[in-house]
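Chain by chain, the residues run as shown.
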Amino acid sequence: MTRARAEYLSAAFVTVDDELEREFEARIADCSTLAFRVAFSVVRQQQDAEDVAQEAFVRAHRSFRKLRNRESFRAWLVRTTWRLALDYRRGEQRRSARQNAHMMSTMPCPADAGIERAAALWEAIDALPEKLRITIVLSAIEGHEVADVARLLGLPEGTVKSRLFNARRQLQERLQWTR
Amino acid sequence: MDPLTDFDRALRDAMQVEPSGDFAARIRARVATAPRESRSLIPGFAIAAMACALLAVVVAGVWRETAPFVADSALPHRDLLVPSEPPRVMSSPPELAPGSRAKFNAADVVVSRSEMLALQRLFGGITVAPPPLPVPADELSIPEIVIEPIAPMVSGPEGERQ
């Protein structure tokens, strides 16, 4: 291989890598809050949610060559963050019940008057089956429509509508203050 | 107030949490310090495919060496001229009328066709050398054998140094 050819190939690889890094930067700016909120909906603590979301981005970076499409990346990131958050929370629950009490006490609320309401809401969401829980959480994040949630979860829109209906009905049964 | 609307509003408010200000920067730092996976020039599936192909070649080779030979009737062969009757295996010798000759019956031959074809190929490939021609006795001449000593004879008493 001639020197000129080697230099050309080297420059081409560097260009491809640089392009990938630029795209990944754009994904971080686009999806970091989404990943954080998905993680927060499970772990309920700011620092833990950030750690989980960071780990999801590290994994996304490893597989980014296969995830260059924006929609594919968002869907993959949401599902990975959700799984990581569930794993994290299970580990935390195994470690100590005291940690859970701390998490509930540090849960942020829109207003002090709504502490009791927010706690009841999260408790009711936690009691939902996992399929219904991620659907209702994603629908509440960033104003996602049914089609957005369907794309993120890789499900038909009819399935998402059905799950949203069931989730709301179960939450209504638990939350007396919505009546 | 519509309870579902109230509920949805409460849920959205609960989800309106924001990460810390340097969250994106910390993601970049974490990604930069994370160990990168090794990038191989040959993808994993290509390595697996090559391994499968290699295994198939090895298995086929072993199978060919151990498989029994099956004669193929389509193979070219020469007809074998059998000077005598082919071997026969019979449960009991046929009773012949005195003075009558035994007739060759192909149904009595129990040698399988594949074996017969193999024998035909074996013998068909052998070129039988013609018998040597008889040499006339008058052309046969054998030179007389002359035995010569290796070293010239030296006169003198035996055992004496020369």
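Residues numbered from 1 in each chain as written. Chains lettered and ligands numbered in written order. Predicted model: local features only at pLDDT ≥ 70, side-chain atom pairs only at ≥ 80, totals over all residues. Heavy atoms only, no water.

*Asks:* Describe in detail the packing of helix H2 (residues 46–62) of chain A against helix H3 (residues 70–95) of chain A, supporting the description with residues and values.
*Replies:* Residue and element names in this part refer to chain A. Across the interface, H2 lies against H3 with an axial gap of 9 Å and an inter-helix angle of 130 degrees. As summarised for this structure, H2 and H3 are arranged oblique, according to the angle between their axes. Crossing angle aside, the handedness with which H2 passes H3 is right-handed. Across from Asp48, Val52, Glu55, Ala56, Phe57, Arg59 and Ala60 in H2, the residues of H3 making contact are Phe73, Trp76, Leu77, Thr80, Thr81, Leu84, Ala85 and Tyr88. Of the residues contributing to the contact of H2 with H3, the split by class is 10 nonpolar, two polar and three charged. (Axes fitted to C-alpha atoms, helices over the stretch in contact; angles between N-to-C directions. Helix = DSSP H or I, 4+ residues; strand = E, 2+ residues; numbered from the N terminus. Parallel < 35°, antiparallel > 145°, perpendicular 65-115°, else oblique. Left-handed = near helix turned anticlockwise from the far one by under 90°. Contact = heavy atoms within 4.5 Å. Nonpolar A, V, L, I, M, F, W, Y, C, P; charged D, E, K, R; others polar.)

*Asks:* Explain the packing of aromatic side chains residue by residue, including any values.
*Replies:* Residues and elements named next belong to chain A. On inspection of all chains with the given rule, the structure shows seven aromatic pairs over all chains. Here the aromatic rings of Phe57 and Phe73 are separated by 6.3 Å at their centres, their planes lie at 45 degrees, and the arrangement is tilted. Taken together, the positions of Phe57 in helix H2 and Phe73 in helix H3 put the pair 16 residues apart, joining distant regions of the chain. Phe73 shares its class with Phe57; the two are buried. (Phe/Tyr/Trp six-rings, centres within 6.5 Å; stacked < 30°, edge-to-face > 60°. Buried < 20%, exposed > 50% of the residue type's maximum accessible area, 1.4 Å probe, protein only.)

*Asks:* Tell me what's going on with the interface of chain A and chain B, and back it up with residues and numbers.
*Replies:* Tallying the contact residues gives 41 residues for chain A and 28 residues for chain B. Taken together, the links from chain A to chain B amount to four salt bridges. Residue A:Glu50 pairs with B:Arg26 through a salt bridge whose shortest N-O separation is 2.1 Å. At the boundary of chain A with chain B, the tally comes to nine residue pairs in polar contact (both at pLDDT 80 or more). Listing elements by their share of the side of chain A that touches chain B, those giving two or more residues are helix H1 (3–43), H2, helix H5 (115–126), helix H6 (130–140) and helix H8 (157–174) of chain A. Looking at the side of chain A that touches chain B residue by residue, the class counts come to 19 nonpolar, 10 polar and 12 charged. (Salt bridge = Lys/Arg side-chain N within 4 Å of Asp/Glu carboxyl O. Polar contact = N/O pair within 3.5 Å; in protein donor to acceptor, adjacent residues only side chain to side chain.)

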